[in-house]
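Structure at a glance
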Amino acid sequence: MPGITGYISITRGLPELPDVTSRLTRSLMHEPSYTVQPIPCPDECVAVIVNPGIDGMICGAAREVGAGVSLGFYGEFYDPECQAAPGGDAVAEILLRRYRELDEGLPRSLDGSYVIFIADDRRKKYQIFNDHYASRPVFYGTQGGRFYFSPEAKGVARMPGFDAGIDEDALVAFLINGNPLGERTFYKNVKPLPPGTVLTIEDGQLTRTESSRYAPCGDTIDRGEDYYVEGLSELL
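Notes on the structure in this doc start here. It should be emphasised that the depicted structure is a prediction, and the values quoted were computed from it without experimental measurement.

1. Describing the overall build of the protein
Helix and strand content of the protein: seven helices and twelve strands. The globule rule puts the C-alpha radius of gyration for 236 residues at 18 Å, and the 19 Å found for the protein is close to it. Overall, the C-alpha framework of the protein stretches about 60 × 45 × 40 Å when taken along its three principal axes. Approximately 12,300 Å² of the protein is accessible, and the part contributed by carbon and sulfur atoms is 51%. Of the side chains in the protein, 22 bear a positive and 34 a negative charge, and the two mean positions are spaced by 6 Å.

The following block contains the structure:
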């Protein structure tokens, strides 16, 4: 599946994995049209875009050398400035400029269907985040001092030395409900990125925040269990 894949060394001083780009993309290159576009990153990080080759606007990468910031995206954005851009790399430049202006406010400012990766060299800060509906899949896992991410769960599970053990509870949930429940996959150490979520790695620490919450025909305020039981009872 197209998207962004890569790894970040949480533990400093780890050697670069041999043949790393091939290892990251091997399970994702499903069609002859797919190509790989690197996102410029510092030594402790590798990130690439698997481009489906069907639309020049669907992905892109940009780097501001003076600021030491790189950005890559896969998806689309609905604001007039991005829609008018001549290509994906130009869209990435727009997003990079907005990151420099808005910093942590960038995810909340966007309207689109996307996943974005940012490497901020000077701050030793890395982020990956998605839209409010998680319309572009991202899976992630941490193993051996490295944080891995991929548009497919097996793209993480197949990395060298990764513990790809099966989550038996997720298999049971699939048989009963038709899909694993919650933030689970069939691999016990691989998780899906929930909608509207920002994963940040800074100073060797992984944190997770929520940039938005999808609430069709409703609001994002938790009114308590009794409120929803009563409302459901009335509907029934």
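2. A few points about the nonpolar core
By size, the foremost hydrophobic cluster in this structure holds 23 residues, and its most contacted members are Ile4, Ile8, Phe117, Phe147 and Phe149. Put simply, the parts of the chain that give this core at least two residues each are β1 (3–9), β3 (45–51), β4 (59–64), β6 (112–120), β7 (125–130), β9 (146–150) and β11 (197–202). By size, the runner-up hydrophobic cluster in this structure holds 22 residues, among which are Phe77, Leu110, Tyr114 and Phe129.

3. Focus: the sheet that holds β1
The sheet built from six strands is open, its strands ordered β2-β3-β1-β9-β8-β10 with antiparallel pairing. Two strands in the sheet have a free side with no partner beyond their single neighbour: β2 (35–39) and β10 (191–192). As defined by bridge partners, β1 adjoins β3 across six bridges and the pair is classed as antiparallel. Note on β3: the bridge partner recorded for Ile8 is Cys45.

What counts and how
Residues numbered from 1 in each chain as written. Predicted model: local features only at pLDDT ≥ 70, side-chain atom pairs only at ≥ 80, totals over all residues. Heavy atoms only, no water. Helix = DSSP H or I, 4+ residues; strand = E, 2+ residues; numbered from the N terminus. Rg over C-alpha atoms; globule rule 2.2 N^0.38 Å. Areas by Shrake-Rupley, 256 points an atom, 1.4 Å probe, with all protein chains shown as cover. Lys, Arg positive; Asp, Glu negative; His and termini not counted. Charge placed at Lys NZ, Arg CZ, Asp CG, Glu CD. Core = buried A, V, L, I, M, F, W, Y, C linked by side-chain atoms within 4.5 Å. Buried < 20%, exposed > 50% of the residue type's maximum accessible area, 1.4 Å probe, protein only. Pairing = 2+ DSSP bridges.

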